[in-house]
Each structure stands twice: as structure tokens, then as C-alpha cells.
Amino acid sequence: GFLPDVSGSLQNTARYLNIFVHADYNSHSYIPAPGAPLPGDPADVIVMTTYDVQTRPRVLAHEVGHWVGLFHTFGYTNNSGVNCDDDGVADTPITKGSVVGTCDTTLSQCTAGVIENVDNVMDYSTCEKMFTAGQAERVAAVMTDTTIARYMHCTPENLLLTGVDIPSTCPLVTDFHTTTILHCDSTVKRFLSTITGQIPDQVLWSFPGGSPATSTDDEPLIAYTSSGTYSAQFIACFGTDCDTISHDFIIDPITGIQDNGLLVASTPWSEDFENGFAFPQANMAVITDTTPNWQLCDFAGYNSTHSLYIPNETLGFLTNDTNEVIIGNFDFTGLATPGISFKVAATYYTGVQYYYFDLMMGDLCDQGTPVQTWIEYLQPELSGTNTYTGFLPNTPEQWTTITFTNPSWHLFPHAEVKLRVVKPWMGPVTDEGIYVDDINIGEADVILGMRDHSHTAELQVFPDPASDHVTIINGTNGGNSLLTVVDMEGREVYRGSMTGRADVDVSCWPRGSYLVIVSDAQMVQHGQLMVR
């Protein structure tokens, strides 16, 4: 029999997709077609060999592709690199397919001048990463075709019975807010909905005086050409249950780049403060004040003799001290996930001046996102095990690596980065210097390749995606920590304390991606969460 040692674990294959990992069978699944196992047949499963699970993570996507109706891009055969053939999808070129274990992105074997889709998940290449729009359309057609038994999995009755679509007991409640986008030569509003209680099956926006005047998009962009007071209406419906909200807002067109004069031509960008670095710099500026501020250090660095630092100072009793350095006017729109990394050397002990270190980012023009604090580091987080008085870093172990990234930054075509140190008034204490070196800004997987100070792997967030409750576990510390969750606009949606573990109700949160931050006196950990 088929899968004799796991068949007892089968869920009803007429209702569920069953995936088994097995050491003794090749990875395979069946395309829904005459002659293939029908739902309810124990053979209608996906089998993954243990080797593929451990070494070839895209094999599962490949086998699921078969299960939902996709052939190999080289036709109805398991032998690639032999004959030119077709998979019945218009936007995947006729191909022989890649020889197993190869990745030739210039492959053109079957039609002169046509580059074949070797990075398709249904090919045998080592660089498979995508499905085409045509393949998505085929899958939708197969899974909803009532003449093909697979459609039973997608019926509303089955989605309800299997717990995929669980009716919410929360009422449908809608609202929206806007962000102003200064496109340098025009003024645009981005409208962002907030929907709780239900997932609507239809939405409608109305924008009298805007262009376009109506929209069914989730986050429409609406242009306004003249100043004035305007109104927008948002309607969301779940079946016959609809909720309507309207807001007025003022448009005051402002165009032109609000340039800081620190244009950075390209990323990745880095600065190690060596080779004659001096202020003023074309890409970096210090906001001056009357106290010692960010300046070049020529006697200490990370594996070098230079860095950027704020020297220790004699503190007064009457004023706070804020020190800011601005870095660049970056175009992040070509990056998948922009990020920043740098080294910090600091010390902390009883009686030392306490300070906050803010990593700030904002857009100067097109997105209208003001420069704001994305994450704040407390002095003990930056100091590591350093408890020295008269602190001067002289070994690499005295430096801490700080890394941070945010997916929404790729929307910023004129991004300004700012490092800010705030020293609140504390009375008579001892001040110590703080040092920064090796600043890198650019694509996250390029400039964040070093071990992340945030210890991301230690933080557990599950289930992800989540729809009702999520559990967050601090894997490195069972003590008291601060749990903060922010959305992709940087807005805080949750804040609370946790001791090793927290269970958070997200059932009425808006759908979307969130950044999870757990911080204590020793470190900051970051995780991601999708609410659906």
C-alpha cells in the first residue's frame, strides 16, 4: 500500500491538502486530471523526501504547483532537457527545461531570440523563484472548475468546516487615515483603511474633486490640483453588512524637493571615517549646538584609529543635550528592504550620565513621511559588558553591532537618516563619550550580513500569519522585557511588559505586516508578524 507507515495520519483528502515528509519516497504529487487520484483517495497527497526538505526548500512549492494543476514548464514529462514542449500556459515559453542542478538565465533552446523561464518554480533549475500570472490564472481555473473534483477544497462550506474561514463575532468597523505625498511636482494623498471585525468582500472609495474620483483599491493614491477643503468617503461591505465613514481634509499643495543638500548617488553606502575624513562632508552634516557634539575621533575606532564620537563633557543642571548627525538624501526605491548597520562603543555604570540613542528616518519629499524615530536604544544596550570609567575603546570586543531594517523604507526616494543622542538633565553625574564607526546603508541582505545585535533568531512569533491570537516568546531571557508592536507606517499598535512569553489578541487588528520589538537592559530583538 501507499505510505503504509503514515496512512493512519491522513486527514480527509477531500477536504485537506495532506503533506508528508518521508525518507523512502521521492518527492511527488498528482495533477488533478482524469486518471489521477480523486479527493478522498489516500494517494491524493504530497510527499516530500527528507533530503528535499533539508536542502531544497522550493521543492514543496513545486509539488503544490502540481497539486493545484500546473505541469512542468517543459510539458507533461518528468525528463527535462530532452524535448521542446509546452505546459499550456501562454506566458511561459516553450522549453526543454533546465538540466537538473543548473541555472542558465540566458537559456534559449526552442525559439530563436526567446529567453526561457528557467527561474520558474515548475522548472528543474537551481534558481527557481517565481510563478507567472498565467500560471496563477490556470490554478484559479482548476481550483474553481466544478468538473474537477479539486474544487471541493475551495468551497465556502469546506473553508468554514476546516477552519480556514472562521466567522468573526466582531462587528464590521471601518475608518481611514491619510498621508500626504509630495511628488516634487504634484500633491497626492494616500488613503489607508482601518478595518476590524470582518474581512470585507468589497470596498468603494469616493473622492469628489480628486483624480480618480472613485477607487476599489486597498490604498488608493488620489491627486489634487488645487488648494481647498475636500471630503472622502469609504464604504466596506461583508455580504449585506456595510459600514460607511467620511472625513474632511485640507489640501495645501506644496511641491519641490525639500532637499537637505546631502545627496548620496547610490547604495550601498558606507563610511569608516578613515582616509582623511573631515567635516563638512558632502553626504553627512552635524546639527550644531553649544555643547560638544558629533565630531571626528582620530584616536579610536573599530579595528582602526578613526570613528565618529561625542566626547564627554561637563554637564550643567538646566538644559537637556541633544546631538544629531544627518546622513544623506538616499533613493531607496530600487531596494527590496533597505537597512542600516553600524558599530557603537559606549560604557554604562552607576553614576554615569544616562542617554537615549535614536535611529531616525524619514522622506524629504515624495512620501511626506517626516523624519521620525524608528527605534530607540537605551544606553545599557549599547554598552554590552563595558563598565569602564574614563571610557576609551581599544579592542574590537568593546564595540556592539547595531542593525535595523524596515520594509516600508523602500517607498522613500529622498530618505534622510539621522543618528540622535539625547542626554536628559540628571544633575551632577559623570559623562562618558560615545563612539560610532563603520556605518553601512543599503540593501539589507548586503549590508546586514554580519551577526545582528538584535538576535532575531532568538525571538519566536507564532502562528505567523495570525488571525486571532499570537504568542511571542523571548528565547534569550525569561526576565522582564518591554514588548512593542508597530505597523509598517511606524505607528505603535501595542505596548506592554512580558516575562519570557506574551499572548496577544490580534483578532481586531487591521490586516497587514507588523514589526515586533522586545527590549530589555541587555538587548533588542526584532521579529515580524502578518495579521490576516
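The structure contained in this document is the topic of the report that follows.

The rules behind these values
Residues numbered from 1 in each chain as written. Predicted model: local features only at pLDDT ≥ 70, side-chain atom pairs only at ≥ 80, totals over all residues. Heavy atoms only, no water. Helix = DSSP H or I, 4+ residues; strand = E, 2+ residues; numbered from the N terminus. Buried < 20%, exposed > 50% of the residue type's maximum accessible area, 1.4 Å probe, protein only. Contact = heavy atoms within 4.5 Å. Core = buried A, V, L, I, M, F, W, Y, C linked by side-chain atoms within 4.5 Å. Pairing = 2+ DSSP bridges. Polar contact = N/O pair within 3.5 Å; in protein donor to acceptor, adjacent residues only side chain to side chain. Axes fitted to C-alpha atoms, helices over the stretch in contact; angles between N-to-C directions.

## So, the side chain of N323
Examined against the element boundaries, N323 turns out to sit in strand 14 (residues 321–330). The buried category is assigned to N323, whose relative accessible area is 0%. The contacts of N323, once residues within four sequence positions are left out, are D289, T291, P292, N293, W294, I310, L419, R420 and V421.

## Section: the nonpolar core
F357, L419 and I439 are the most contacted members of the largest nonpolar core, which has 41 residues in total. Those residues in contact with F357 that sit more than four places away from it in its chain are W294, F342, I375, E376, Y377, L382, L419, R420, V421, I434 and V436. Membership of the second largest hydrophobic core comes to 17 residues, among which are V461, A502, V516 and L529.

## Here we look at the pairing of strand 22 (residues 469–474)
By the criterion of burial, strand 22 is predominantly enclosed, with 5 of the 6 residues buried. In this structure, strand 21 (residues 459–462) lies alongside strand 22, joined through 4 bridges in antiparallel fashion. What sits directly across from V461, in strand 22, is I472. Connecting the antiparallel pair strand 21 and strand 22 is a turn made up of 6 residues. Pairing of strand 22 with strand 25 (residues 501–505) involves 5 bridges; the strand directions are antiparallel. Considered in strand 25, the bridge of I472 is made with A502.

## Brief notes about the sheet that holds strand 5 (residues 202–206)
Either a parallel or an antiparallel arrangement is found when strands of a sheet pair, and the pairing is made through backbone hydrogen bonds. Judged by pairing direction, the sheet is antiparallel, and its 4 strands sit side by side in the order 6-5-8-9 without closing on themselves. Each having just a single partner strand, strand 6 (214–215) and strand 9 (241–251) make up the two edges of the open sheet. Taken together, the 5 bridges between strand 5 and strand 8 (residues 228–238) define a ladder with antiparallel strand orientation. Paired with V203 across the strands is A236, a residue of strand 8.

## A closer look at the side chain of S80
Along the chain, S80 turns up in the loop between helix 2 (59–67) and helix 3 (133–144). For S80, a relative accessible area of 15% puts it in the buried group. Separated by 2.7 Å, the side chain of S80 and the backbone oxygen of S98 make a polar contact. Setting aside its immediate chain neighbours within four residues, S80 contacts F74, K96, G97, S98, V99, V100 and Y124.

## Observations concerning the sheet that holds strand 14
Overall, antiparallel pairing links the 5 strands, which are arranged 11-14-19-16-17 in an open sheet. Both edges of this open sheet fall to strand 11 (284–287) and strand 17 (372–378), since each of them pairs with a single strand only. Direction aside, neighbouring strands of the sheet carry axes that sit 20 degrees apart on average. Bridging between strand 16 (residues 356–363) and strand 17 involves 6 bridges; their strand directions are antiparallel. Within strand 17, the position partnered with Y356 by the bridge is L378.

Keep in mind these numbers describe shape, not what the thing actually does.
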